[in-house]
Amino acid sequence: MANVDDALILVNPREVLEEIIAAVPLDTRKNLTIIGSLAVGLRYENQIQGMAVRTKDADCLLSPRMEAVDAGRAIAEELIRAGWTPDTTNPLNVPGDQYTPMDELPVVRLCPPNGAKWFMELLAVPEAPQDTGRTFEKLPTSIGYFVLPSFGSLAVAAFDPEHRMSISIARPEMMALANMLGHPEILPKTMSRPFHGREIKRSNKDLGRVLAIALLAERELEDALLSWPDAWLTALEAVYPDDFSNQVIRAGDGIRALLSPEHVADFDEAHHTCVYGLLSSNPPTKEKLRLAGERLLEDAINPLMVKLPGIAGGYSV
């Protein structure tokens, strides 16, 4: 297992984005949206001392689905020709062949040729709104076979992105919503690697990311969260037209659970991932992170519930 401090490194978001833009074929940039820590770091780079975020991957989301595999293959081949190589920190990240079972093929994680320890990871939006779980498509390349994974809420992350430096960047409120939809409850499954010395539940890491984004948004603009419910409503209506009400109802369940008295240990894990991850340059106390979560409920999650026909009021912790 790779050392945890090797897995999470400080990167400059703008420098990483410039390197990605230079490497990605021009005709595939329209299919690419930057998500994850890199996107958050770019959006709030003025708040981050030294313009650095602690991460190991640059998550790149491909859309629409009908073009994702071809665009992913074109991007991977261009990177390979330019000297990018598969990430070697994970011994399982070895390309397979046409006979390798789907569940044994690695995700496309390619490291730049300059020796940097971060890697670019390719993901795809779901084929249909009802695809709420994890799905895979085979991605053949000149160095072997990979898979292009998709997760149910990724279509929300790609909704109405910002456009900067000739590429799309996911909006922070959409990344927060995607993470919430992906974790309506706290499950026992842990991350594949320790997070700065601790075993962390995947739900706690991703829900902690939601609190981190909310805190950064408020640091930039005091009333930032008040605009999120309308933006979320628009996204949910567009992405889940046949399951809209259910998505609205469950959107905040994971955050409510994380802030509840029954999940103190889970909140501690979420705080740990913020302190040693996205908020490492200005780490909040547990009290400040919890207050950010309570304001998120009051200013965004509960008002979203109120906008749903037939709902007379929101929830509270």
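If you're wondering where the values come from, they're calculated on a predicted model, not measured in any experiment.

Looking now at the packing of helix H6 (residues 172-182) against helix H8 (residues 228-239). It is at 10 Å that the axes of H6 and H8 come closest, and there the two elements cross at 65°. Crossing angle aside, the handedness with which H6 passes H8 is right-handed. Facing H6, whose interface residues are Glu 173, Met 174, Ala 176, Leu 177, Met 180 and Leu 181, H8 presents Trp 228, Ala 231, Trp 232, Ala 235 and Leu 236. Looking at the contact of H6 with H8 residue by residue, the class counts come to ten nonpolar, no polar and one charged.

Across the six residues of strand S4 (residues 57-62), six count as buried, placing the element largely inside the fold. Neither face of S4 is exposed, since Asp 57, Asp 59 and Leu 61 on one face and Ala 58, Cys 60 and Leu 62 on the opposite face are all buried. Pairing of S4 with strand S7 (residues 119-124) involves six bridges; the strand directions are parallel. Bridging from a neighbouring strand, Cys 60 pairs with Leu 122 of S7.

Let us now look at unusual backbone geometry. Pro 64 follows Ser 63 through a cis peptide bond whose omega is -10°. Inspection of the secondary structure puts Pro 64 in the loop between S4 and helix H4 (65-81). Located in the positive-phi region is Met 165, a residue other than glycine, with phi close to 55°. Locating Met 165 in the fold gives a position in the loop between strand S10 (162-164) and strand S11 (167-169). Of note in the backbone geometry, Ser 166 takes a positive phi value of approximately 70° without being a glycine. Here Ser 166 shows up in the loop between S10 and S11.

Moving on, we get to the side chain of Asn 179. Here Asn 179 shows up in helix H6. Apart from residues no more than four positions distant in its own chain, Asn 179 is found in contact with Asp 206, Leu 207, Arg 209 and Val 210.

Parameters at a glance
Residues numbered from 1 in each chain as written. Predicted model: local features only at pLDDT ≥ 70, side-chain atom pairs only at ≥ 80, totals over all residues. Heavy atoms only, no water. Axes fitted to C-alpha atoms, helices over the stretch in contact; angles between N-to-C directions. Helix = DSSP H or I, 4+ residues; strand = E, 2+ residues; numbered from the N terminus. Left-handed = near helix turned anticlockwise from the far one by under 90°. Contact = heavy atoms within 4.5 Å. Nonpolar A, V, L, I, M, F, W, Y, C, P; charged D, E, K, R; others polar. Buried < 20%, exposed > 50% of the residue type's maximum accessible area, 1.4 Å probe, protein only. Pairing = 2+ DSSP bridges.

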